[in-house]
Structure formats: structure tokens, C-alpha cells
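Understanding the architecture of this molecule
Spelled out from the first residue to the last, the chains are:
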Amino acid sequence: MSVSSGERTTPRRRPSRLGKLPGRQDWSTWPNYQAAATGFRGYWYPVCYSSQLTGKPKAITLVGERIVLIRDRGTAYALKDRCPHRGVPLSEGNQQFPGTISCPYHGWTFDLESGELRAAITDGPESPICGKVVQPTYEVAERLGMVWVFVGDGEDAPPIDEQLPEELVGNPAVVGSRIQPREGNWRFACENGYDEGHAKYLHRTSLWRMFKAMPVWNETRIVRRGRWIYRVQDAQHWDADFPGLGRWSNQAWYKLKPPKKVANIGNVGSHREVNPVIAAQEFPGFASVTMPGVLRIVYPTFIHYEFYVPIDSDNHLYVGVMANFEEGLNTVPFYFKYLGFVRWLFHGQFSAQDKWMVELTDAPPERLYRPDDSLLRWRKLVEELTEERAARLREQGIEPTPALTKNGARS
Ligand code: FES
Ligand SMILES: [Fe+2]
């Protein structure tokens, strides 16, 4: 086929606007991140509601490890979910004696606190194997109505309160939460949560946003404060003319008018009073993220958190938490608001759009654009915090376990 002069067969090359972005399309710029398909060790992770944990053993997979949870006389315990005898899951067994769990196969019975083999029932009370086998255990805590498990490399777990978002420690709050197993790698879920570009477009059709206009695009800076990075909005553009295409906007007659000021709390430019606990934090931006995959979205009267808990390389646990910093009777409106519609619209349908995209994401390779500075800064933060942790462990003489790149495969 001949091409008449003047026609182009390849798109015109424009100067790249991605000057600051790494040229490569793989993830080798972030080796720790790249290797962490099944998540990072050295952190507490929420795994289920406290009310779901009883004396019946419960099997979970966390950071690629199979773990059995059980509650005994009010306290939650976690052990490796593989009997050292013949490899049967302890979670298939049950309790024969208080303070222990027994394997269903031959009745090896482990102490919940220490993991020591206390009895091998089918070898009698004098069994010589007792005292020679210790089952690995995990530290467990309960916060925000959930059970949290620490997966580390043998170091002492840091106090969980040091890892929770600071404002959740020491401030009374009522929380509403949702825990949902989801398909997709935990990194896609976290990147989706912090992704600067998507919400305005993907969520523009959600019921949660039905009556609120969303900007077309923002001018955003990412700033680090402590262990968090924040998205700071410098400008919001509520409509835009795309050369040769026309005008595009999210606004509609039935939506609230866009705020005049650039909004850094709640992204809504609300003139409502900001809750004093939230105001006291002086958050630089409304969206922030930290390790090991915790997103914080600040609204004037409540904060929404998402914890992306790695199960294995293809699955994660979505844990959405909404916190309202009120006490006593002041909490009543939150309950109505949360149970009445936030739970359905925000943790439900809005979040289902994210779930849909996380299932479909297939990267690397990837070709990033300007708003993806949010993703790049997150990956950089991960590298920095992971290197700091590795240095701390080595000071204690502990070599960090290589991450699992795929379920069960060490990097
Ligand atoms: S496999 Fe667990 S006791 Fe034999
Ligand atoms: Fe989203």
C-alpha cells in the first residue's frame, strides 16, 4: 500500500514529559519492592475480626506463610500451620488440653504460648520426643476489633502501637470496618489506593461521588513526613480543553459546585469544621501511605484507612477501616452514617471499582505518566524503609529472610 505524502504512519514523537521518571519499564529500580510479591516481613498485619476467632482453629495465609490462629481463655495465639511430624495442618486439629492445640493425625500437642511439644498422645506420657520439638509461633495483638499477627525474621516484634497510624493510638474513636479477601497482588492494591490519577476518572461514576464534582486533573506534590508520604494538591482543574478534542469535565447540574480553594483535606474543599483530633495532626495532604501497605484518606470529620494485607503473590486481604474520633453520644450519628450508607457506598460499591482494577492490573511492564509520581514515591519509600530495617536487623546479627517472589519461592 502506498502512503501519500503528508500522511504519517507512525505517531509524531513528542518530547517526553516524563523527564523525571525512570526510563525502564520493569521494577528493577526498586529491588526490594520487586522481590516482595508475597509482602514484607517485619510488620503487624490485621487478619480477621476479633469476634471471628474462637477456640476452633482458624487457618490463614499471611506473607506467604500458613498460620493457625486459635483463642484460648480469651487470648489469641498463632503458630505455624504445619505439624513438624508429617506436615499435616494443625488447623485441622483441635484442643485436647487447655493452653494447647493437638494435631489431628497422631495427636502431637503443642503449647500455644511457647510452641513446645507438650505431649505426643499416641506415644504415651513418657514420649521421649517431648521437649525436643518446638513449633514456631507468631506474636499476636488485638486492636480496632481485629486480630493482628507479626511476621518477622526472629527479631522482637515492635509494639503494635508504633506501627498503627499515630492518631489511632491514644485518641478515642469509633470504627467501622470491612475485611474482604481479594484477588490480585497486594502491591497493585496499594498502588491503586495511592494512585493520584485514578479516582477522578474511575470513581466519577460511583454513587459515593454522585453529587460531588471531581477535578479533571490536579497539580500534586508528594511530600514525606516521618514514615508517611502525602499527596499535596497545589492546584485543581475542574474542566479542561483537550486540543483537537474538546472540553471535558466531571461537573453536572446535580453535583455540588467545586470549591474555590484548593482542598487538602477530604478532597472536597469542605468548609465544615474539621474534627479537633484530625485538625491537630496537621496532615500536609489528604492522602498518605506508609509501610507495609497502609493508606490513610483524611476527611474533615473522619479518616478512612486501607490495609493491603499480603496473602500470597496472587491474593490479598482488603481491610477498610473508617474511624470517627468521637466519644459517647457523639458517636451515634457516625453509626447511622456508617451503617446507613458509608458501609455500602464507600466500603462497598466505590471500593468494588478499585477491586475490579486491581484484579485487572498486569504490570510490569508499564509506561508511567505524570500523576504516577505518587507510585514512584511510594516505591522509593518502601526501598528506604526496607533498607533501614535490614540495617537494624544486621546490627542484631539477624540476616533478613529473602522475600518470597512467588508462593513458596525465595527470591
Ligand atoms: S502429622 Fe501431626 S501428629 Fe503426626
Ligand atoms: Fe480508588
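Figured I'd write up the structure that's included with this text. This is a predicted model, so every value here is computed, not measured. (Residues numbered from 1 in each chain as written. Chains lettered and ligands numbered in written order. Predicted model: local features only at pLDDT ≥ 70, side-chain atom pairs only at ≥ 80, totals over all residues. Heavy atoms only, no water.)

Observations regarding the overall build of the protein
The following threshold applies: The secondary structure listing takes helices from DSSP runs of H or I that are at least 4 residues long and strands from runs of E that are at least 2 residues long, numbered from the N terminus. Three labels apply to residues, based on accessible area from a 1.4 Å probe with only protein chains included: buried if under 20% of the type maximum, exposed if over 50%, partly exposed otherwise in between. Here the accessible surface of atoms and residues is derived via Shrake-Rupley with a 1.4 Å probe, and residues count as covered only by protein chains that are part of the display.
Per the secondary structure count, the protein includes 7 helices and 20 strands. Across the 411 residues that make up the protein, the buried fraction comes to 49%. Here the protein displays about 20900 Å² of accessible surface, and carbon together with sulfur accounts for 52% of that area.

Things to note about the environment of Asp 26
Filter applied, for reference: As used in this structure description, the phrase polar contact means that two N or O atoms lie within 3.5 Å; if the pair is within protein, one of them must be able to donate a hydrogen and the other to accept it, and residues adjacent in sequence are counted only when both atoms belong to side chains.
Relative to the helices and strands, Asp 26 is located in the segment before helix H1 (31-35). For Asp 26, a relative accessible area of 32% puts it in the partly exposed group. In this structure, the C-alpha to C-alpha distance between Asp 26 and Arg 367, residues 341 residues apart in sequence, is 9.2 Å. Side chain to side chain, Asp 26 and Ser 28 meet in a polar contact 2.9 Å long.

Let's talk about the pairing of strand E15 (residues 287-290)
The cut-off we apply is this: Two strands are counted as paired when DSSP detects at least two bridges linking them.
Alternating positions in E15 separate into two faces, Ala 287 and Val 289 on one and Ser 288 and Thr 290 on the other, with burial throughout. In this sheet, E15 lies alongside strand E12 (residues 228-237) in antiparallel orientation, the contact comprising 3 bridges. Within E15, the position partnered with Tyr 230 by the bridge is Ser 288. Pairing of E15 with strand E16 (residues 294-298) involves 4 bridges; the strand directions are antiparallel. Among the inter-strand pairings, Val 289 is bridged to a residue of E16, identified as Leu 295. Here E15 folds back onto E16 in antiparallel fashion, the turn holding 3 residues, of which Gly 293 has a positive phi close to 115°.

What to know about helix H3 (residues 186-194)
Burial of H3 is extensive: 9 of the 9 residues sit out of reach of the surface. Within H3, burial applies to Trp 186, Arg 187, Phe 188, Ala 189, Cys 190, Glu 191, Asn 192, Gly 193 and Tyr 194.

Quick word on unusual backbone geometry
Here Ala 363 and Pro 364 are connected by a cis peptide whose omega angle stands at -10°. Secondary-structure assignment places Pro 364 in the loop between helix H6 (332-360) and helix H7 (373-395). Here the bond from Pro 364 into Pro 365 is cis, since omega is 0°, no more than 30 degrees from zero. Inspection of the secondary structure puts Pro 365 in the loop between H6 and H7. Even without being a glycine, Val 63 presents a positive backbone phi close to 50°. With respect to the helices, strands and loops of the structure, Val 63 is situated in the loop between strand E2 (58-62) and strand E3 (65-72). Look at Arg 73: it is not a glycine, yet its phi comes out positive at around 45°. The topology assignment puts Arg 73 in the loop between E3 and strand E4 (75-80). Of the residues examined, Arg 73 reaches a relative accessible area of 67% and is grouped as exposed.

Re the sheet that holds strand E18 (residues 315-324)
Convention followed: Only the stretch in contact is used when a helix axis is fitted, and all axes are lines through C-alpha atoms; the angle between N-to-C directions ranges over 0 to 180 degrees. Residues are treated as being in contact if the distance between any of their heavy atoms lies within 4.5 Å.
A sheet is described by the order of its strands in space; here 7 strands give the open sequence E10-E18-E17-E16-E15-E12-E11, paired in antiparallel fashion. Each of the sheet's edge strands pairs with one partner strand only, and the pair in question is strand E10 (174-183) and strand E11 (217-225). Ignoring strand direction, the axes of neighbouring strands in this sheet form an average angle of 20°. Alignment of E16 against strand E17 (residues 303-312), held across 5 bridges, turns out to be antiparallel. Bridge assignment links Val 294 to a residue of E17, and that residue is Phe 307. With respect to the sheet, H3 is in contact with E11, E12, E15, E16, E17 and E18, its orientation differing from that of E17 by roughly 160°. In this fold H7 packs onto E11, E12 and E15, with an angle of close to 10° to the strand it touches most, E11.

What to know about the coordination of the iron ion (ligand 2)
Rules: Water is not part of the atom set, so a site may look incomplete; the donors themselves are N, O and S atoms within 2.8 Å of the metal, or 3.2 Å for Na, K and Ca. In this scheme the shape depends on donor count and angles: four donors with every angle between 85 and 135 degrees give tetrahedral, four or six donors with opposite pairs above 155 degrees and others between 65 and 115 give square planar or octahedral in turn, and any other case is irregular.
For the iron ion (ligand 2), the full set of protein donor atoms is His 198 (NE2), His 203 (NE2), Asp 354 (OD) and Asp 354 (OD), and the range of their distances to it is 2.1 to 2.6 Å. Around the iron ion (ligand 2), the 4 donor atoms are arranged such that angles at the metal cover 54 to 147°; this shape is classified as irregular. Spacing between the donor residues of the iron ion (ligand 2) along the chain follows H-x4-H-x150-D. You can see His 203 sitting in the loop between helix H4 (198-202) and E11 and its partner Asp 354 sitting in helix H6, a full 151 residues away along the chain.

Examining the sheet that holds strand E5 (residues 100-102)
Strand order in this open sheet of 3 strands is E5-E6-E7, and the pairing throughout is antiparallel. Both edges of this open sheet fall to E5 and strand E7 (117-120), since each of them pairs with a single strand only. Sheet twist, expressed as the average angle between the axes of neighbouring strands with direction ignored, equals 20°. Here E5 runs beside strand E6 (residues 108-111); their pairing, made up of 3 bridges, is antiparallel. Of the residues in E6, the one forming a bridge with Ser 102 is Thr 109.

Observations concerning the environment of Glu 219
Relative to the helices and strands, Glu 219 resides in strand E11. Taking the C-alpha atoms as reference points, Glu 219 and Gln 236, separated by 17 residues in sequence, lie 6.4 Å from one another. A polar atom in the side chain of Glu 219 sits 2.6 Å from the side chain of His 237.

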